[in-house]
Amino acid sequence: MKYGMIATWKMAYEGVVEGSEKLRNGKEVSEAVICAIESVENNPAYRSVGFGGLPNRVGEVELDAAYMDGERLCFGAVMAVKNIKNPIRVARHLSGYQRNNILAGGGAESFAATHGYESANMLTHESQQRWEKKIGEGYIPEEIEAYGGHDTVCIIGLDDQGRMGNGVSTSGLFMKHPGRVGDSPVIGSGFYCDSRVGAASATGVGEDIMKGCLSFRIVSLIKAGGDCQGACEKALFDHEADLKARGSKPGSMSVIAMDKNGNFGGATTQKEFPFVVSREEMEPTIFVAQNDGKVHRVIKATQDWKDNYLGD
Ligand code: ASP
């Protein structure tokens, strides 16, 4: 069995390098996925995840994270938590329980403290400055969007024993209402993972992603015999068309998937969506899903593309 990893956004690259190294050395998938996500959570240069994440409208960094074990179909999630250094670790811990798998706010924070998870002030000087600038410029609460198109880190792993795991971590939409929760920690929407089939994850405007339960939908299409790329495109574009047909104006949505054999796919409703893939025979590589409104395609990122990419 070969190993593989796929992750949303270019910012996941270093994490995928670290996580893939673990998979190459025969480590269990959850260890590789958690290590990869932590690498993004700990890096304040990545503005939409973990330390230095995007503040809510009252200037607090409030985080969501989830982990799903595709062997046992178990999952854990924390929602709207503050001052937890690595929310993904707490989510993984909760995935080991039969009950109490989702904890929110103060309950999640006290669980993390009781179990010895490190706490930290996640608001950096830069994230505070970003918030002050936004407050100065003004914004329309009903029109908040994915920040520059790059928000949640979602990582799917496949180890050499065929086990799959799926982790997500995010500060959610910039200037969200305190307590607002998006798709990311919601099973079936932001993530879904079944080692016997495959896994999928989503990033973008959570309110729109949740309406289509996009991750579960993609895994169901793969289960019905679809290939990963086709499943990503069908689930995403059918859902986008459905929302538009009902008079809604969906925000950006992007998805990734990997099946139990390491085949992968990615799709987006926005102009460009980079994602990172590694497999036994392929070093971590950045791919870009591109959508000009008529044609959707996936290319390997060229050096020129990397030099000119301004996002995280
Ligand atoms: N899906 C996240 C949310 O709605 C944000 C993102 O991935 O862009 O909270």
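Everything numeric here is computed off the predicted structure, so don't read it as measured data.

A. Spatial organisation of the site of the ligand. Around the ligand lies a shell formed by A146, D151, T152, G172, L173, R180, G182, D183, S184, T203, G204 and G206. S184 has a polar side-chain atom sitting 3.5 Å from a nitrogen atom of the ligand. The separation between a nitrogen atom of the ligand and a polar main-chain atom of G204 is 2.7 Å. Notes on the ligand: free accessible area 270 Å², of which the protein chains cover 100%. For the shell around the ligand, a count of residues per class yields 2 nonpolar, 7 polar and 3 charged.

B. View of the packing of aromatic side chains. Counted by the stated rule, this structure contains 9 aromatic pairs. Measuring from ring centre to ring centre gives 6.2 Å for F75 and F191, while their planes differ by 45°; the resulting arrangement is tilted. Here F75 is found in strand β3 (residues 74–81), whereas its partner F191 is found in strand β7 (residues 191–194), with 116 residues between them in sequence. Centre to centre, the rings of F264 and F275 are 6.5 Å apart; their planes meet at 70°, and the pair counts as edge-to-face. One end of the pair, F264, is in strand β10 (residues 264–268); the other, F275, is in strand β11 (residues 272–279), with 11 residues separating them in the sequence. Owing to a relative accessible area of 0%, F275 belongs among the buried residues under this scheme. An aromatic cluster is present here, built from W9, F264, F273, F275 and F287 joined pairwise through their rings.

C. The arrangement of helix α4 (residues 105–114) in detail. Among all positions of α4, only G105, A108, F111 and A112 are buried. Within α4, the buried residues cover an arc of 130° as seen down the axis, which keeps them to one side. Exposed residues on α4 whose side chains face more than 90 degrees from its buried face are A113 and T114. Residues of α4 that are buried sit in contact with β3, α3 (87–94) and β4 (102–104).

D. Region of interest: the environment of A289. Within the fold, A289 resides in strand β12 (residues 282–291). A residue is classified by how much of its surface remains accessible, and A289, at 0% relative accessible area, is buried. Look past the residues within four positions of A289 in its chain and what remains in contact with it is G266, A267, T268, K271, E272, F273, F275, H296, R297 and V298.

Rules behind the numbers
- Residues numbered from 1 in each chain as written.
- Predicted model: local features only at pLDDT ≥ 70, side-chain atom pairs only at ≥ 80, totals over all residues.
- Heavy atoms only, no water.
- Near = heavy atom within 4 Å.
- Polar contact = N/O pair within 3.5 Å; in protein donor to acceptor, adjacent residues only side chain to side chain.
- Areas by Shrake-Rupley, 256 points an atom, 1.4 Å probe, with all protein chains shown as cover.
- Nonpolar A, V, L, I, M, F, W, Y, C, P; charged D, E, K, R; others polar.
- Phe/Tyr/Trp six-rings, centres within 6.5 Å; stacked < 30°, edge-to-face > 60°.
- Helix = DSSP H or I, 4+ residues; strand = E, 2+ residues; numbered from the N terminus.
- Buried < 20%, exposed > 50% of the residue type's maximum accessible area, 1.4 Å probe, protein only.
- Arc of directions from axis to C-beta.
- Contact = heavy atoms within 4.5 Å.

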